[in-house]
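Chains, contacts and geometry: an overview
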Amino acid sequence: MIYTSTRDKSIGVSASEAIAKGISSEGGLFVPTEIPTLSLDDIKRIGTLDYIGRAKEVLKLFLTDFTEEELDMCVNGAYKKGKFSSDKVAPLYKLNDKENILELWRGPTCAFKDMALQLLPYLLTVSAGKTLKDTKIVILVATSGDTGKAALEGFKDVPNTEILVFYPVDGVSPMQKLQMATQEGNNVSVCAIRGNFDDAQSGVKAIFTNKEIEKKFKENNLAFSSANSINWGRLVPQIVYYVSAYCDMVENGSLKLGEEMNVVVPTGNFGNILAAYYAKEMGVPIKKLICASNSNNVLTDFLKSGTYNKNRDFYCTASPSMDILISSNLERLLFILSGYDAEKTAEYMRELSVDGKYSVDSDLYKKISDLFDAGYCDDNATKATINEVFKKYDYLCDTHTAVAVNVYEEYTKRTGDDTPTVIASTANPYKFSASVLSAITDDIKSKDEFSMVEELFEKSKEPVPPQLATLKGKAPRFTRVSDKEDMAQVVFDMLGI
Ligand SMILES: *Cc1c(COP(=O)(O)O)cnc(C)c1O
């Protein structure tokens, strides 16, 4: 399978090259030039396998230059027994006849990013072994909170790699900050920046595509890669759980094989929902892809109008991992749905960087609006939804998941569509204890993060993940805060070059 760039159609690389590089040198994203398909018989057969087996079946269709042994090693390592708090890895929780919660946060850092970031280090080291001999890989990450920790955990002490995470100093929850600041490992570093997630992401992209830095890296036998969802190696593992969820919907009796389901995804960078789009194009019977946003509703407006406009206020919300105004992976969707038109995609992205906005043409918009529905809700509605779901079903969901549930319920009221639905649940509620606790009670006694965790446990009886509970009292290891203009210097300092 050949991968090309969303901004230059003349580029053609293998899966390993796409993963090792992370982003194409002219700034485009790597995309496979075709989408492999699964028949209903294939899906039926995949449904008989465990998560590791399901992952191999899906991944081998995309990672065609990996040998079977390599893929086995990667997948067995990533999802081995004991790493995830469910033997099913990504279990489905049936809320009622229609709504099924896909719990993607059972991994080591309690957010859905683990689903991909437990696998990516394996994929990346195998890829680098094929394409970049004797080179150390430097992973740069911009995070809105969850990617950072999941990437640090995935890459810690992986030979021949260094990882550096940038997060917005005021843009993550106290638990997220503590998770990152206390990270262990000999090849890890973390730095807060004065700015928001978009600043962090733009800063990282600028470092990736800076020719002088590239030269300096070459001289030191270093190469960049990315653990953000701009890297195909981050995206492809996410396709697996939508295939798996469909199999589980059939298994739990919500659907008969071949019947359609809807998928709702709480969205920020458009990576998770793009993976669901891939699953649909592969042949998984998915009717609508419903994109849920918080008050940073740039995607809702885009999906409802065809105009993407990031010139608007930025809000720090109770669902901080979705506080994003530049959704990078939308570029891949525009490229695919415009018939793999790199010139058109590059032009939209140029308009975005110059004017902060673009409008897609009517053909492209028609395709997008046939596939996607969208909605958003603010923090009050998010908390009301957490409360309602807890009271009605005795199920505690986090703020991001609640945004998705709220948008889904608004969607069914508006459309009358009662297709059985999978709602992606992206984080464990204890990552956002203050918001979740305030959603289920008016009477909060605690002042600090960990007494809130305990209070939330008292009220909900939901088990606290041990990896969060043991952070209590742990001293931070990383405290550096830098200006966004100085990100390159932070990288050099970490590497001593
Ligand atoms: C990253 C994240 C999201 C957004 O996912 P995208 O792939 O960026 O759209 C949603 N919820 C949580 C908890 C996250 O960590």
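Residues numbered from 1 in each chain as written. Predicted model: local features only at pLDDT ≥ 70, side-chain atom pairs only at ≥ 80, totals over all residues. Heavy atoms only, no water.

Looking now at the overall build of the protein. Assigned secondary structure in the protein consists of 22 helices and 16 strands. The globule rule puts the C-alpha radius of gyration for 497 residues at 23 Å, and the 21 Å found for the protein is close to it. Principal-axis analysis of the C-alpha atoms places the extent of the protein at approximately 60 × 50 × 50 Å. For the protein, buried positions account for 62% of its 497 residues. (Helix = DSSP H or I, 4+ residues; strand = E, 2+ residues; numbered from the N terminus. Rg over C-alpha atoms; globule rule 2.2 N^0.38 Å. Buried < 20%, exposed > 50% of the residue type's maximum accessible area, 1.4 Å probe, protein only.)

This paragraph deals with the environment of Phe208. Following the sequence through the fold, Phe208 ends up in helix 9 (residues 197-208). By relative accessible area, which is 9% here, Phe208 ends up buried. A sequence separation of 242 residues divides Phe208 from Phe450, and the C-alpha atoms of the two residues are 38 Å apart. Beyond its immediate chain neighbours, meaning those up to four positions away, Phe208 contacts Ile23, Leu140, Phe224, Ser225, Ser226 and Ile230. (Contact = heavy atoms within 4.5 Å.)

Surveying the vicinity of the ligand reveals 15 residues, the closest of which are Lys113, Asp146, Gly268, Asn269 and Thr426. Side-chain polar atom of Asp146 to an oxygen atom of the ligand: 2.5 Å apart, as the coordinates give it. A distance of 2.7 Å separates an oxygen atom of the ligand from a polar backbone atom of Asn269. Grouping the amino acids of the shell around the ligand by side-chain chemistry returns 5 nonpolar, 8 polar and 2 charged. (Near = heavy atom within 4 Å. Polar contact = N/O pair within 3.5 Å; in protein donor to acceptor, adjacent residues only side chain to side chain. Nonpolar A, V, L, I, M, F, W, Y, C, P; charged D, E, K, R; others polar.)

Read from one edge of the open sheet, 6 strands run 4-5-15-10-11-14, paired in mixed fashion. Each of the sheet's edge strands pairs with one partner strand only, and the pair in question is strand 4 (92-94) and strand 14 (372-376). Looking at each pair of strands side by side, their axes are set apart by 25 degrees on average, direction ignored. Across 5 bridges, strand 10 (residues 261-266) lies against strand 11 (residues 286-293) in parallel orientation. Each bridged residue has a counterpart across the sheet, and for Pro266 the counterpart in strand 11 is Ala292. (Pairing = 2+ DSSP bridges. Axes fitted to C-alpha atoms, helices over the stretch in contact; angles between N-to-C directions.)

To continue, consider helix 7 (residues 146-155). Among the 10 residues in helix 7, 9 count as buried, and that is most of the element. Here helix 7 has its buried residues at Asp146, Thr147, Gly148, Lys149, Ala150, Ala151, Leu152, Gly154 and Phe155. Directly beyond the C-terminal end of helix 7, a positive phi value near 60 degrees is found at Asp157.

All right, on to the state of the cysteines then. Here the structure, examined in full by the defined rule, presents 0 disulfides. Not engaged in a disulfide, the cysteine Cys291 finds its nearest cysteine sulfur in Cys377; these two sulfurs lie 12 Å apart. Taking relative accessible area as the criterion, Cys291 reaches 0% and is therefore assigned buried. Cys397 forms no disulfide, and the closest cysteine sulfur to it belongs to Cys377, at a distance of 11 Å. Judged by its relative accessible area of 2%, Cys397 falls in the buried class. (Disulfide = S-S within 2.5 Å.)

Among the secondary structure elements, Asn187 is positioned in the loop between helix 8 (174-181) and strand 8 (188-194). Of the polar contacts made by the side chain of Asn187, one reaches the backbone oxygen of Thr161; its length is 3.1 Å. Here Asn187 is in contact with Phe155, Lys156, Asp157, Val158, Thr161, Glu162, Ile163 and Met494, once residues within four sequence places are set aside.

Our focus in this paragraph is the side chain of Glu331. Here Glu331 shows up in helix 14 (residues 330-337). Since its relative accessible area comes to 2%, Glu331 is described here as buried. Every residue in contact with Glu331, bar those within four places of it in the chain, is listed here: Thr6, Arg7, Gly27, Gly28, Leu29, Thr345 and Met349.

Moving on, we come to the packing of helix 17 (residues 379-393) against helix 19 (residues 433-440). The angle between the axes and the distance between the axes are what describe a pair of packed helices. Where helix 17 meets helix 19, the closest approach of the two axes is 8 Å, and the angle between their N-to-C directions is 65 degrees. You can see that helix 17 and helix 19 cross each other, and the crossing is right-handed. Across the interface between the two elements, Lys383, Ile386, Asn387 and Phe390 of helix 17 pack against Ser435, Val436, Ser438, Ala439 and Ile440 of helix 19. Here the residues of the contact of helix 17 with helix 19 sort into 5 nonpolar, 3 polar and 1 charged. (Left-handed = near helix turned anticlockwise from the far one by under 90°.)

A separate point is the nonpolar core. Core analysis: the biggest nonpolar cluster contains 113 residues, and Leu63 and Tyr79 have the highest contact counts within it. Element by element, the count of residues in this core is highest for helix 11 (residues 232-251), at 12 residues. Discounting residues that sit within four places of it in the chain, Leu63 has contacts with Tyr3, Ala15, Ile19, Leu71, Leu123, Trp232 and Val236. (Core = buried A, V, L, I, M, F, W, Y, C linked by side-chain atoms within 4.5 Å.)

Once that is clear, we can look at the sheet that holds strand 2 (residues 8-13). The 3 strands lie next to each other as 2-1-3, forming an open sheet whose pairing is antiparallel. A single partner strand is all that each edge strand has here, and the edge strands are strand 2 and strand 3 (30-32). Pairs of neighbouring strands in the sheet enclose a mean axial angle of 35 degrees, with direction left out of account. Bridge count for strand 1 (residues 3-5) against strand 2 is 2 bridges, and the pairing is antiparallel. Opposite Tyr3, over in strand 2, you have Val13 as the bridge partner. Together, strand 1, strand 2 and strand 3 form the strand contacts of helix 14, whose direction differs from that of strand 3 by roughly 45 degrees.

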